[in-house]
Amino acid sequence: MRFRQLFGTGVFKSNDQKKREKRVDGASVPFGAGRDPLGLSDVIDGLTSNMGWTSPLAQSDLVASWVEIAGAETAEHSTPTGIEDGVLTIQCDSTAWATQLRLMRTQITTHIALRYPDAKIQSVRFEGPNAPSWKRGPRSIPGRGPRDTYG
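Residues numbered from 1 in each chain as written. Predicted model: local features only at pLDDT ≥ 70, side-chain atom pairs only at ≥ 80, totals over all residues. Heavy atoms only, no water.

Visitor: Before we go on, may I ask you to explain the nonpolar core in this structure?
Guide: It is characteristic of soluble globular proteins that their nonpolar side chains tend to be buried jointly. Counting 18 residues, the largest nonpolar core has Leu62, Trp66, Leu88 and Ile112 as its most contacted members. Here Leu88 is in contact with Leu62, Trp66, Pro80, Gly82, Ile83, Ile112, Ile121, Ser123, Val124 and Arg125, once residues within four sequence places are set aside. (Core = buried A, V, L, I, M, F, W, Y, C linked by side-chain atoms within 4.5 Å. Buried < 20%, exposed > 50% of the residue type's maximum accessible area, 1.4 Å probe, protein only. Contact = heavy atoms within 4.5 Å.)

Visitor: What am I meant to see in the sheet that holds strand 2 (residues 87-92) here?
Guide: To summarise the sheet geometry, strands pair through backbone hydrogen bonds and adopt either a parallel or an antiparallel arrangement. The sheet built from three strands is open, its strands ordered 1-2-3 with mixed pairing. Each edge of the sheet is formed by a strand with only one pairing partner; in this case those strands are strand 1 (78-84) and strand 3 (123-127). The average undirected angle you get between the axes of adjacent strands in this sheet is 25°. The sheet contact formed by strand 2 and strand 3 spans five bridges and is parallel. Bridged to Gln91 within strand 3 is Glu127. The strands touched by helix 7 (residues 95-103) are strand 1, strand 2 and strand 3; relative to strand 3, the strand with the most contacts, the crossing angle is about 160°. (Pairing = 2+ DSSP bridges. Helix = DSSP H or I, 4+ residues; strand = E, 2+ residues; numbered from the N terminus. Axes fitted to C-alpha atoms, helices over the stretch in contact; angles between N-to-C directions.)

Visitor: When you look at the confidence of the model for the chain in this model, what are you seeing that I'm missing?
Guide: Should the pLDDT be low somewhere, the predicted coordinates at that spot are not to be read in detail. For the chain, the mean per-residue pLDDT works out to 80, and 68% of the residues sit at or above 70. The spread of mean pLDDT over the elements of the chain runs between helix 1 (residues 2-7), the lowest at 66, and strand 2, the highest at 93. (pLDDT = per-residue confidence, 0-100.)

Visitor: For this particular structure, what's the right way to read the side chain of Ser78?
Guide: For Ser78, the location among the structural elements is in strand 1. Polar side-chain contacts of Ser78 include one of 3.2 Å to the side chain of Trp66. Reaching out from Ser78, the side chain makes a polar contact with the backbone oxygen of Thr74 at a distance of 2.8 Å. Among residues more than four places away in sequence, those in contact with Ser78 are Trp66, Ile90, Gln91, Cys92 and Leu101. (Polar contact = N/O pair within 3.5 Å; in protein donor to acceptor, adjacent residues only side chain to side chain.)

This is the structure in structure tokens:
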């Protein structure tokens with residue numbers, strides 16, 4: 001009896017027979033439980049969550065609705081340029097607008113966090129207009145650089 005409990009009865013069962021034993025009554029009946037058609041929004045929501053697209057879609061919604069977040073006048077002088085590692089980068093028309101938006105950073109960040117939590121934005125960076133400079137990139141070597149050979 002103990003060997004039968006441990007090793008089974010020794011009766012061979014095909015895969016089809018095992019599947020028939022596991023089948024729940026009414027599961028293969030059309031219009032049974034779990035067989036109802038879903039709405040298009042439910043299907044798309046399931047697809048985006050399964051594929052991991054919720055964060056990129058929320059980020060694109062955030063960029064598209066920048067006018068509503070910042071206001072019409074502010075949005076005329078600033079545009080979102082990208083999101084990288086949870087940092088939203090905003091390009092401003094002038095350094096005055098960049099400074100003003102830096103002062104409003106906490107308000108803008110909390111508004112984004114409340115309205116778009118799936119975007120996962122930790123901070124916002126405001127940049128002024130690009131001016132030509134000898135510096136190349138965020139990591140530069142200290143010193144005069146290429147200008148040290150001038151007369």
